[in-house]
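Observations on chain architecture
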Amino acid sequence: MESESSTGQRSYLVALCLVLAIGVFLRIPAPIFSGANAPLPQLAALHPTPKFDGIGFDEGLYSRYVEGLIAGGLTSYPEIIDRYIEAQQKLTGSILPPVRFLYIFSAYLWHQVFGTEALEALHDVASLFSILTLLLSTFFAWRLKGPAWALGVAALMSFAPTQIHMSQHALVDGFFTFWALFCLCLLWENLRSPGSWPRLAAFVFGLCCLVLTKENAFFVFVALVAIMALNRWLAFGVVTRELLLCTIVGPLLGFVVLVFLAGGLETLRTTYQLSVSKNYQLAYAILTGDGPWHRYLVDLLLVSPVILLLALGAVFRLDRSQKPELFLFVFIAAAYLVMCNIKYGMNLRYANMWDMPLRFLAFGQIVAFCARLQRYRTLILCGAVGLLCVTELRQYIIFFVQFPLYELVPEGLLRALHILKSAPVR
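Parameters and conventions
- Residues numbered from 1 in each chain as written.
- Predicted model: local features only at pLDDT ≥ 70, side-chain atom pairs only at ≥ 80, totals over all residues.
- Heavy atoms only, no water.
- Helix = DSSP H or I, 4+ residues; strand = E, 2+ residues; numbered from the N terminus.
- Rg over C-alpha atoms; globule rule 2.2 N^0.38 Å.
- Buried < 20%, exposed > 50% of the residue type's maximum accessible area, 1.4 Å probe, protein only.
- Salt bridge = Lys/Arg side-chain N within 4 Å of Asp/Glu carboxyl O.
- Axes fitted to C-alpha atoms, helices over the stretch in contact; angles between N-to-C directions.
- Left-handed = near helix turned anticlockwise from the far one by under 90°.
- Contact = heavy atoms within 4.5 Å.
- Nonpolar A, V, L, I, M, F, W, Y, C, P; charged D, E, K, R; others polar.
- Lys, Arg positive; Asp, Glu negative; His and termini not counted.
- Polar contact = N/O pair within 3.5 Å; in protein donor to acceptor, adjacent residues only side chain to side chain.
- Expected span 1.5 Å × (residues − 1).
- Parallel < 35°, antiparallel > 145°, perpendicular 65-115°, else oblique.
- Core = buried A, V, L, I, M, F, W, Y, C linked by side-chain atoms within 4.5 Å.
- Phe/Tyr/Trp six-rings, centres within 6.5 Å; stacked < 30°, edge-to-face > 60°.

Along its length, the protein carries 19 helices and zero strands. Taken over C-alpha atoms, the radius of gyration comes to 22 Å for the protein, in line with the 22 Å a tight globule of 426 residues would show. C-alpha atoms of the protein, sized along the principal axes, occupy 70 × 55 × 45 Å. Counting the 426 residues in the protein, one finds 54% classified as buried.

Below is the structure:
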């Protein structure tokens with residue numbers, strides 16, 4: 001009996017390591033395997049290289065901000081923001097602001113350690129944090145429902161199309177996803193084990209980093225507050241005064257750091273005001289960032305149809321005994337409620353932080369389907385998850401390897417699937 005248990009544990013660890021190894025491999029930047037001076041060209045055939053190999057507009061801006069930080073050091077950050085304000089005032093549309101500090105600063109640190117150029121450093125940081133998101137998702141699923149769920153969620157996250165996509169480009173959204181998931185995980189831990197000062201301090205740190213990463217921190221903050229507000233009825237755990245205080249202190253600390261980096265409160269206010277107001281005049285944002293409230297559902301259905309349908313199925317069978325599922329559903333629903341009401345501000349990149357919760361719910365639905373089976377339950381469950389992983393990888397290849405998709409907007413998604421065939425709108 002003990003031998004069978006030991007064999008089962010070894011098999012589990014082998015399966016988990018294999019799944020994570022594949023997920024990490026898919027997230028390694030494509031230039032490692034192909035292109036000039038690639039260190040691992042012998043593995044190029046195994047790595048799905050994105051067809052879009054140019055430099056996106058946002059990537060170019062991030063690169064310039066990192067170059068400015070390399071040239072002048074951290075004390076030059078107020079000057080970088082001043083130059084942004086000067087440039088933004090002359091433009092009719094919005095460009096991303098340098099107050100997305102933590103991603104830019106992480107690339108700067110990467111350059112200092114490894115000596116890579118600014119754009120390459122941004123790519124490497126995006127790849128690293130996509131890998132960290134995969135590992136954190138596995139740990140979080142384990143904490144929510146145990147090792148079997150950790151393996152299932154790890155497998156589904158390893159092949160998640162938009163997760164892999166974020167790892168291959170110098171964009172902030174995958175980096176932001178890690179910090180959003182980090183805060184969500186720590187909220188669960190603090191609700192379940194109240195009064196732990198190390199966990200509370202980590203929660204404050206995560207919220208601070210979230211604010212320093214991107215203004216989308218507001219969406220996550222609203223979702224976290226909604227979870228705590230509904231805790232009275234859904235009983236996820238215990239909301240203590242210390243937890244409420246940390247929920248305020250974390251974002252406030254991040255805001256104070258941004259004020260110092262900007263060189264003053266008025267400068268920071270002007271930066272955000274210009275970014276938001278000019279976005280309403282940006283032709284690209286008007287063309288691609290608008291839509292009905294259910295637009296995110298449509299976009300998710302195009303990219304990961306089976307995952308979305310399984311997750312929705314899980315939602316319809318939720319009851320109050322399913323605390324982890326309810327916890328993640330409230331996070332998605334509360335964030336969705338805010339995000340779908342932002343004028344000219346919808347993009348599937350922003351929904352990257354829902355990938356782990358959606359796949360947790362989807363795995364739960366697969367488990368529910370298999371629960372009635374009397375024989376070969378585990379084998380069928382593993383087969384279903386494996387088939388879904390293959391489907392997800394196929395979706396990634398369709399969108400990003402066969403088609404040069406970069407921005408996750410409806411027109412590009414529909415063209416990649418050959419649903420939309422008319423001439424592109426200019």
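Time to look at the pattern of salt bridges. A complete count under the given rule lists 13 salt bridges for this structure. Salt-bridge contacts for Arg199 lead to Glu189; the nearest nitrogen and oxygen are separated by 3.7 Å. Of the two residues, Arg199 sits in helix 9 (residues 197-213) while Glu189 sits in helix 8 (residues 172-192), which places them 10 residues apart along the sequence. When the shortest N-O distance is used, the salt bridge between Glu392 and Arg359 registers 2.6 Å. Highlighted residues: Glu392 in helix 18 (residues 377-401) and Arg359 in helix 17 (residues 355-370), separated in sequence by 33 residues. A cluster of three or more residues bridged by salt bridges with shared partners is formed by Asp173, Lys214, Arg349 and Glu407.

This next bit is on the packing of helix 2 (residues 57-72) against helix 3 (residues 77-90). Interaxial distance between helix 2 and helix 3 falls to 9 Å at its minimum, and their mutual angle equals 145°. As for the relative orientation of helix 2 and helix 3, their crossing is right-handed in sense. Residues Tyr65, Gly68 and Leu69 of helix 2 pack against Tyr77, Ile80 and Tyr84 of helix 3. Across the contact of helix 2 with helix 3, the residue classes break down as five nonpolar, one polar and no charged.

Right, let's talk about the side chain of Arg27 for a bit. As for its position among the elements, Arg27 is in helix 1 (residues 2-27). Although buried, Arg27 forms no salt bridge, and the nearest oppositely charged side chain, Asp355, lies 7.4 Å from it. A polar contact of 3.2 Å, which involves the side chain of Arg27, links it to the side chain of Ser130. Discounting residues that sit within four places of it in the chain, Arg27 has contacts with Ser127, Ser130, Ile131, Leu134, Met157, Ser158, Gln163, Ile164, Ser167 and Gln168.

Turning next to helix 6 (residues 147-158). For helix 6, built from 12 residues, the straight-helix expectation of 16 Å at 1.5 Å per residue is met to within 8% by its first-to-last C-alpha distance of 16 Å. Along helix 6, 10 of the 12 residues are buried, which leaves the element largely enclosed by surrounding structure.

The geometry of helix 8 relative to helix 9 is characterised by a closest axis approach of 9 Å and an angle of 155° between their N-to-C directions. The angle between the axes of helix 8 and helix 9 places the two elements in the roughly antiparallel class. The two elements helix 8 and helix 9 meet at a crossing, and its hand is left-handed. On helix 9, the residues that touch Val172, Phe175, Phe176, Trp179, Ala180, Phe182, Cys183, Leu186, Leu187, Glu189 and Asn190 of helix 8 are Arg199, Leu200, Ala202, Phe203, Phe205, Gly206, Leu207, Cys209, Leu210 and Thr213. Among the residues making up the contact of helix 8 with helix 9, the classes are represented as 16 nonpolar, three polar and two charged.

Grouped together as the largest cluster of nonpolar side chains are 139 residues, with contacts concentrated most on Phe140, Phe327, Met353, Trp354 and Met356. With 15 residues, the single largest contributor to this core is helix 8.

Here the structure, examined in full by the defined rule, presents 27 aromatic pairs. Ring geometry for Tyr396 versus Phe400: centroids 5.1 Å apart, planes at 40°, classification tilted. Highlighted residues: Tyr396 and Phe400, both in helix 18, separated by four residues, approximately one helical turn. With a relative accessible area of 1%, Tyr396 lands in the buried category.

Residue position: Arg317 is located in the loop between helix 15 (305-316) and helix 16 (323-339). By relative accessible area, Arg317 is classed as partly exposed at 29%. When sequence neighbours within four positions are dropped, the list of residues in contact with Arg317 reads Gln322, Gly364, Gln365 and Ala368. Polar contacts involving the side chain of Arg317 include one to the main-chain carbonyl oxygen of Gly364, which spans 2.9 Å.

What follows covers unusual backbone geometry. Backbone geometry follows two general trends: most residues other than glycine have a negative phi, and most peptide bonds adopt the trans configuration. Phi is positive for Tyr344, close to 55°, though the residue is something other than glycine. Relative to the elements of secondary structure, Tyr344 occurs in the loop between helix 16 and helix 17. In this structure Tyr344 comes out as buried when scored by relative accessible area, which is 17%. The backbone phi angle of His418 is positive, close to 60°, even though this residue is not glycine. For His418, the location among the structural elements is in the segment after helix 19 (410-416).

Below, the discussion takes up the side chain of Thr247. Within the secondary structure, Thr247 sits in helix 11 (residues 241-262). Here Thr247 falls in the buried class, since its relative accessible area comes to 4%. Here Leu243 takes part through its backbone oxygen, which lies 2.7 Å from a polar atom of the side chain of Thr247. Residues contacting Thr247, with those up to four places away along its chain left out, are Phe203, Leu207, Phe221, Val225 and Met228.

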